[in-house]
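# Analysis of the macromolecular model
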Amino acid sequence: MEESHALLRWKTSLQNHNNGSSLSSWTVNNVTKIGPCAWVGIHCNHGGRVNSINLTNIGLKGTLHDFSFSSFPHLAYLDLWSNQLFGNIPPQIGNISKLKYLDLSSNSFFGAIPPQIGHLSYLKTLNLSKNKLSGSIPLEVGRLSSLNNLTLYANCLEGLIPHSLGNLTNLAILYLYNNSLSGSIPSEIGNLKFLSRTALSHNKLSGSIPHSLGNLSNLVILFLDNNLLFGLIPSELRNLKSLYFLELGNNKLSGPIPHFFGNLTNLGVLYIYNNLLSGSIPCEIGNLKFLSELNLGFNKLSNSIPVSLSNLTNLVFLSFYQNSLSGAIPKEYQNLVKLTKLLLGNNQFQGPIPNLRNLTSLVRVRLNRNYLTGNISESFYIYPNLTFIDLSHNNFYGEISSDWGRCPKLDSLDFSTNNITGNIPSEIGYSSQLEVLDLSSNHIVGEIPTELGKLSFFIKLILAQNQLSGQLSPKLGLLVQLEHLDLSSNRLSNSIPESLGNLVKLHYLNLSNNHFSREIPIKLEELIHLSELDLSYNFLGREIPSQICIMQSLEKLNLSHNSLSGVIPRCFEEMH
């Protein structure tokens, strides 16, 4: 009876206890007839005493202040995951002496974790993740000697990771990520010989990676990314033979990439991007036959890339982006047919690129800012899943293939600053998802295809510094999502189409250094978001239209080197 009345008292304290039917079976009438054992979310032992409360994801709203923990001496399982509970976690929670499983995650609890939680000596799972808890992790957590799962991620916890966690010798899962924890990683973590998953990422941890982590021979997942860790990657990590996922990115680690990584033959994911690592990429990484993701981007790596990486036939994601790597990209990389992301940009690669026609799973490609050469029409083909390709700032030549119009998911194509010739193929107009097209600084000739007017998702169109000619099609006025249009430094002629006034989202318009003539279209007044307008170095005549003053977002206006006449509109004084 005491358990029933305690549950009813708590139900009454909830803000929404009368709404809906989630706790409708919890009534005074049911107390005498069947007791709480048949109530929703309540389970009892053979003696009819409550040993489990499971009320997950049913919209409970309120606090635990009126929950009488001492009324449940047999309670072993308490799961309130994913509700709208808030307030402090009461220190009386330490009175449930038989508790083995406690999950209060995905609520809005705030304040400190009560140190009395250390009294729950039978506890195996403690999950307080995804709340608003603050303060430090209590030292008393280190008394929970039966604990095998400690999950406190996504809170506002700060201070040091307690050394006492090294006493939790049964721990298999340690998730402390997405907090504001600081100081160094305690070397005592190396005592947790059963640990299989640990994530300390997205904190403010500093110091070096403890050598003692090499004792964790059962470790499968190790996440230390997005901290302030520095120093070398310790050689003791060579003992982590079970490791599948190693994530050390976004730190300040230095020195070489260790050769012993090649002996961690169960590795499937290796992320050590955005550090200060230097030297060569070890050829031994080519031994990791299960590797599906390799990210070494944003470091200071140099020399050529090993041919042996072409053995990684399960590779889906490969990034060496922004290093100082040089030499040729080995032609054997064309065998990595499972690749979806290939990010080799911002290096010093040179020579021809491998033929990538067989890599039809590609989704994202960055080869920009290198010294790569090759015929752009021969090295690529049709990619049904490709969304992004950037080949800019290289020495590619040849003509743009009509095949790019047969990549149905393509949203960004950047071939700028190369030696590309020929026309813009009209088939580009069939890439219906295209948002960004940048072909600037090449040697492209001919007219701008009217088919580009079909690309209703276009946000940015940059064709500057080519040899494009002819008249601008009024159909460009159909690109109503366009925000950036740069056609400068070409040989475009005749009048500027009135229809450009339909591009009301435009904030940058540059038509300078062309052969446009006649007057400035009055309809440009409708470009109320335009901040920069450059029509300089053309043959525009007649007066400057006073309607230009309506463009109140305008910050830069260049009409120099034309054949304009008349007076400068006085309303310019009001264009702040």
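Not measured: the values here are computed from a predicted model.

### Overview of the overall build of the chain
Looking only at helices and strands, the chain has 2 helices and 45 strands in total. In terms of C-alpha radius of gyration, the chain reaches 32 Å, well past the compact-globule figure of 25 Å for 576 residues. A principal-axis box enclosing the C-alpha atoms of the chain has dimensions of 95 × 60 × 40 Å. Put simply, the chain has 576 residues, and 52% of those count as buried. Summed over all atoms, the accessible surface of the chain reaches about 24,000 Å², with 49% contributed by carbon and sulfur. The averaged location of the 37 negative side-chain charges in the chain is 12 Å from the averaged location of its 38 positive side-chain charges.

### Some words on the side chain of Ser473
With respect to the helices and strands, the residue Ser473 is situated in the loop between strand S37 (467-471) and strand S38 (484-486). Exposure remark for Ser473: the relative accessible area of 12% places this residue in the buried category. The contacts of Ser473, once residues within four sequence positions are left out, are Thr450 and Pro497.

### Quick word on the UniProt feature "domain: Disease resistance R13L4/SHOC-2-like LRR" (unreviewed entry) in the chain
Under the feature "domain: Disease resistance R13L4/SHOC-2-like LRR" (unreviewed entry), the UniProt entry names residues 67-178. Split by type, residues 67-178 is 0% helix and 27% strand. Its first and last C-alpha atoms lie 29 Å apart.

### Describing the state of the cysteines
Inspection of every chain in the model, using the stated rule, returns 2 disulfides. Disulfide pairing places Cys37 opposite Cys44 at an S-S distance of 2.1 Å. Taking the sign of the S-S torsion, about -100 degrees here, the bridge from Cys37 to Cys44 comes out left-handed. Here Cys549 connects covalently by a disulfide to Cys571, the sulfurs 1.9 Å from one another. Between Cys549 and Cys571, the S-S dihedral sits near 70 degrees, and the bridge is therefore right-handed. Of the two residues, Cys549 sits in the loop between strand S43 (539-543) and strand S44 (556-558) while Cys571 sits in the segment after strand S45 (563-565), which places them 22 residues apart along the sequence.

### Remarks on the pairing of strand S7 (residues 108-112)
Judged from the 2 bridges that link them, strand S5 (residues 84-87) and S7 form a sheet pairing that is parallel. Bridging from a neighbouring strand, Phe86 pairs with Ser108 of S7.

### Looking at the sheet that holds S43
Spatial ordering of the open sheet is given by S35-S37-S39-S41-S43-S45, a layout of 6 strands whose pairing is parallel. Lying at the two open borders of the sheet, with one neighbouring strand each, are strand S35 (445-446) and S45. Pairing of strand S41 (residues 515-518) with S43 involves 2 bridges; the strand directions are parallel. Bridge pairing in S43 links Ser517 to Phe539.

### Notes on the sheet that holds strand S15 (residues 204-207)
Taken together, the 10 strands give an open sheet; going across it, the order is S11-S13-S15-S17-S19-S21-S23-S25-S27-S29, and neighbouring strands pair in parallel fashion. Two strands lie at the open edges of the sheet, namely strand S11 (158-160) and strand S29 (371-373), each paired on one side alone. Averaged over neighbouring strand pairs, the angle between their axes works out to 15 degrees when direction is ignored. Inspection of the sheet shows strand S23 (residues 300-303) paired to strand S25 (residues 324-327) by 2 bridges, in the parallel sense. Residue Ser302 lies in a different strand from S25, and its bridge partner there is Ser324.

### A short note on helix H1 (residues 2-13)
Compared with the 16 Å implied by 1.5 Å per residue over 12 residues, the 17 Å span of H1 between its first and last C-alpha is a close match. Three or more residues of H1 are buried, namely Glu3, Ser4, Ala6, Leu7, Leu8, Trp10 and Lys11.

### Considerations on the packing of aromatic side chains
One pass over the full model with this rule turns up 18 aromatic pairs. Considering the side-chain rings of Tyr271 and Phe317, the 6.1 Å spacing of their centres and the 85 degrees angle between planes classify their relative orientation as edge-to-face. Highlighted residues: Tyr271 in strand S20 (residues 269-271) and Phe317 in strand S24 (residues 317-319), separated in sequence by 46 residues. Look at Tyr271 and you get buried, because its relative accessible area is 14%. Given the relative accessible area of 12%, Phe317 is considered buried. Just above the ring of Phe317 sits the side chain of Lys341; from NZ or CZ to the centre is 5.8 Å. Arg364 extends its terminal NZ or CZ atom over the ring of Phe388, reaching a point 4.0 Å from the ring centre.

### A closer look at unusual backbone geometry
If you check the backbone angles, Asn57 has positive phi at about 55 degrees while not being a glycine. Of note, Asn57 is situated in the loop between strand S2 (50-54) and strand S3 (61-62). What makes Asn57 exposed here is its relative accessible area of 51%.

### Some details on the pattern of salt bridges
Inspection of every chain in the model, using the stated rule, returns 6 salt bridges. Put simply, Arg49 and Glu3 hold a salt bridge, and the shortest N to O gap is 3.4 Å. Placement of Arg49 in the loop between strand S1 (42-44) and S2 and of Glu3 in helix H1 is noted, with a sequence separation of 46 residues between them. With a relative accessible area of 32%, Arg49 lands in the partly exposed category. The residue Glu526 makes a salt bridge to Lys523 at a minimum N-O spacing of 3.5 Å. Here Lys523 falls in the partly exposed class, since its relative accessible area comes to 24%.

### Points about the pairing of strand S17 (residues 228-231)
With 2 bridges connecting them, S15 and S17 associate as parallel partners. The residue of S17 that forms the bridge with Gly207 is Leu229.

### A few points about the environment of Asn347
Its location among the elements puts Asn347 in the loop between strand S26 (341-343) and strand S27 (348-352). Counting along the chain gives 294 residues from Asn347 to Ile53, while the straight-line C-alpha distance between them is 57 Å. Filtering out sequence-adjacent residues up to four positions away, Asn347 remains in contact with Phe320, Tyr321, Gln322, Asn323, Ser324, Leu325, Arg369 and Asn370. Separated by 3.0 Å, the side chain of Asn347 and the backbone oxygen of Phe320 make a polar contact. Among the polar contacts listed, one links the side chain of Asn347 to the backbone nitrogen of Ser324, at a separation of 3.4 Å.

What counts, and where the lines are drawn
- Residues numbered from 1 in each chain as written.
- Predicted model: local features only at pLDDT ≥ 70, side-chain atom pairs only at ≥ 80, totals over all residues.
- Heavy atoms only, no water.
- Helix = DSSP H or I, 4+ residues; strand = E, 2+ residues; numbered from the N terminus.
- Rg over C-alpha atoms; globule rule 2.2 N^0.38 Å.
- Buried < 20%, exposed > 50% of the residue type's maximum accessible area, 1.4 Å probe, protein only.
- Areas by Shrake-Rupley, 256 points an atom, 1.4 Å probe, with all protein chains shown as cover.
- Lys, Arg positive; Asp, Glu negative; His and termini not counted.
- Charge placed at Lys NZ, Arg CZ, Asp CG, Glu CD.
- Contact = heavy atoms within 4.5 Å.
- UniProt positions renumbered as here; feature names shortened; annotations may be inferred.
- Disulfide = S-S within 2.5 Å.
- Pairing = 2+ DSSP bridges.
- Axes fitted to C-alpha atoms, helices over the stretch in contact; angles between N-to-C directions.
- Expected span 1.5 Å × (residues − 1).
- Phe/Tyr/Trp six-rings, centres within 6.5 Å; stacked < 30°, edge-to-face > 60°.
- Lys NZ or Arg CZ within 6 Å of the ring centre and 35° of its normal.
- Salt bridge = Lys/Arg side-chain N within 4 Å of Asp/Glu carboxyl O.
- Polar contact = N/O pair within 3.5 Å; in protein donor to acceptor, adjacent residues only side chain to side chain.

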